[in-house]
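Examination of the molecular architecture
Here are the chains, one letter per residue:
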Amino acid sequence: MYMDVPSETSINLKKLRITLSMGGLLILSFIGIDLLLLPEVLHQAYYISRLGIQFPFLLTLYLLTFLSNYHSLHKHVLWLGVLGITYGNFWLLVQCWTQAELVFAWEGTLLYGLFGMFILRINFIYSLMYAVLSLVGFAWIIIHYPIYGEIGSIKFGFMLCGFAVSLVGVKQIESGFMRFQQLNNQLLYLNQIDPLTQLYNRGAMEQNFERMLSIAARTNTRISVFIVDLDNFKDFNDGYGHLRGDDVIQLQAQILRQIFNRETDMVARFGGEEFVVISLGNTNEEAKAQAARVLAAWQHKNVAHGKGSGQRIVSCSIGFINTEVDKSTEKKRLFELADSALYEAKNRGRARYVSATSCELAPA
Ligand SMILES: Nc1nc2c(ncn2[C@@H]2O[C@H](COP(=O)(O)OP(=O)(O)OP(=O)(O)O)[C@@H](O)[C@H]2O)c(=O)[nH]1
């Protein structure tokens, strides 16, 4: 069973929609300013480029975010959308020249690129494809129309350098972000995993237990809570030393992991020589069989424990409860019942399991 780790690719759709809306507003605000500057003969071409090409591209991007599978489309549609908007601008550039010999600003292209790369966060590979295709479009215009005369190649050079610098920036941000993700995952791991056994620690167990309990209640699935405790472990430590004691704790972890190995099982080290297992979907008989397998595994391992307590080999005691649950079932109560069953197992002579009956679950 695994804890949730935030995904690096998770997209905040609300934020994306706000950003796209801002892009739309930006285009609309350009209209007001540009129309004041452009001669009337170009107004129709201008409307086509802004409202007939760019705005529909942006609107399409916006509407696509409502698709249920948008997450899988995100990186593909984003760069194509920005490229469409850029080519809308190229088209206007050509129209201004052919209809009125007017030199329309090319710099907007860079602005669209920066918006896509740094605000919409198009990833490096797609940013690169965007930059190359934008440069190809611009080169085609310069070659076919003398809009910028002799300094066309300089304009192209500026665009090339602008994109190159932006791409370096995108790469650096991506690398930094990946490093941050790795560190974050490491921290999450250290925070949840017991270093001696590599099992979940108590904090992670409590979180998972909560979630498994609500799944069991929602899906009418039986849940089992096992508490497993090594017998007379203090004597073992005193007799054989702490390092050998650590080996036994690791062995216990290994046994539990082997027996409770399904996706719906969670094994944790609760603390010291005590372990907790939560398992979904077992009948009471199956839970008993699993507890018996844990005891048998220690018999099979036959690890000597000849010190102090008088027991011959290392063993453990197990208290468990297997029950149906509902929304009102408390994690704490299940734990208490498994714990008192463990207490009973210790009292009856250890190296055994005791099952708490689910009728004890009702509050006293
Ligand atoms: N080697 C080792 N020992 C540990 C670790 N954590 C706790 N212990 C020891 O586990 C022992 C637990 O002893 P107790 O709680 O008295 O229980 P016990 O001797 O196992 O007796 P019962 O549980 O009644 O069978 C203590 O001696 C702790 O020092 C650990 O990480 N490594």
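None of the values given here were measured: they were computed from a predicted structure. (Residues numbered from 1 in each chain as written. Predicted model: local features only at pLDDT ≥ 70, side-chain atom pairs only at ≥ 80, totals over all residues.)

**As for the overall build of the chain**
Check the secondary structure of the chain and you find eleven helices and five strands. Counting over 364 residues, the chain shows a buried share of 29%. Here the contacts in the chain between residues at least 6 apart in sequence split such that 70% fall between residues at least 24 apart. (Helix = DSSP H or I, 4+ residues; strand = E, 2+ residues; numbered from the N terminus. Buried ≥ 20, exposed ≤ 12 C-beta atoms within 10 Å, placed from the backbone. Contact = placed C-beta atoms within 7 Å.)

**Some remarks on helix α4 (residues 108-119)**
Between the first and last C-alpha of α4 there are 15 Å, a value that for twelve residues agrees with the 16 Å anticipated at 1.5 Å per step. Every buried residue belonging to α4 is among Thr109, Tyr112, Gly113, Gly116 and Met117, and all of these are buried. The buried residues of α4 all sit within an arc of 120 degrees when viewed along its axis, so they share a single face. Tucked into the core, α4 has its buried residues touching α3 (70-100), α5 (124-144) and α6 (152-192). Backbone geometry just after α4 places arginine 121 at a positive phi near 60 degrees. (Expected span 1.5 Å × (residues − 1). Arc of directions from axis to C-beta.)

**Some points on the site of the ligand**
What surrounds the ligand is a group of 17 residues, the closest being Asp231, Phe233, Lys234, Gly245 and Gly272. Secondary structure elements with two or more residues in the shell around the ligand: β1 (223-230), α8 (233-240) and α9 (242-259). (Near = placed C-beta within 6 Å.)

**Structural notes on the sheet that holds strand β4 (residues 316-323)**
Strands pair in a sheet through their backbones, by hydrogen bonds, and they do so in one of two ways: parallel or antiparallel. In spatial order, the strands read β2-β3-β1-β4-β5; together these five strands make up an open sheet with mixed pairing. With one partner strand each, in any of the chains shown, β2 (265-271) and β5 (353-356) form the two edges of the open sheet. Here the strands of the sheet are splayed against their neighbours by 20 degrees on average, with no regard to which way each runs. On the sheet, helix α11 (residues 331-347) packs against β1, β4 and β5 and is oriented at approximately 145 degrees with respect to β4. (Pairing = 2+ DSSP bridges. Axes fitted to C-alpha atoms, helices over the stretch in contact; angles between N-to-C directions.)

**Points about the packing of α3 against α4**
The geometry of α3 relative to α4 is characterised by a closest axis approach of 9 Å and an angle of 170 degrees between their N-to-C directions. Judged on the interaxial angle alone, α4 and α3 are roughly antiparallel. Contacts between α3 and α4 involve Leu78, Trp79, Val82, Ile85, Thr86 and Asn89 from the first element and Gly108, Thr109, Tyr112 and Gly116 from the second. Its residues assigned to classes, the contact of α3 with α4 comprises five nonpolar, five polar and no charged. (Parallel < 35°, antiparallel > 145°, perpendicular 65-115°, else oblique. Nonpolar A, V, L, I, M, F, W, Y, C, P; charged D, E, K, R; others polar.)

**Description of the pairing of β1**
Looking down a regular strand, the side chains alternate between one sheet face and the other. Judged by how many residues are buried, β1 sits mostly within the fold: eight of eight residues are covered. Residues Ile223, Val225, Ile227 and Asp229 point to one face of β1 and Ser224, Phe226, Val228 and Leu230 to the other, with burial holding for every one of them. The pairing of β1 with strand β3 (residues 274-280) spans seven bridges and is antiparallel. Of the residues in β3, the one forming a bridge with aspartate 229 is glutamate 274. Pairing of β1 with β4 involves eight bridges; the strand directions are antiparallel. In the strand pairing of β4, aspartate 229 is matched with serine 317.

**Quick look at α11**
With 17 residues, α11 should cover 24 Å at 1.5 Å per step; its first-to-last C-alpha distance of 24 Å lies within 8% of that length. Where α11 is buried, its residues meet β1, β4 and β5.

**Concerning the nonpolar core**
Ranked by size, the top nonpolar core spans 49 residues in total, and within it Phe226, Leu256, Ala268, Val277, Ile318, Phe320 and Ala338 carry the most contacts. For valine 277, the residues in contact, after removing those within four places along its chain, are Phe226, Val228, Leu256, Phe260, Asp265, Met266 and Val267. In this structure, Leu20, Leu58, Leu61 and Phe138 belong to the second largest nonpolar core, which totals 26 residues. (Core = buried A, V, L, I, M, F, W, Y, C linked by C-beta atoms within 7 Å.)

**Some details on the confidence of the model for the chain**
Per-residue confidence for the chain gives a mean pLDDT of 92; residues scoring 70 or more make up 95%. Every residue in residues 2-8 is under pLDDT 50, and counting partners more than four places away or in other chains gives six contacts. Here the complex is predicted with pTM 0.68, and the ipTM for its interfaces comes to 0.97. (pLDDT = per-residue confidence, 0-100.)

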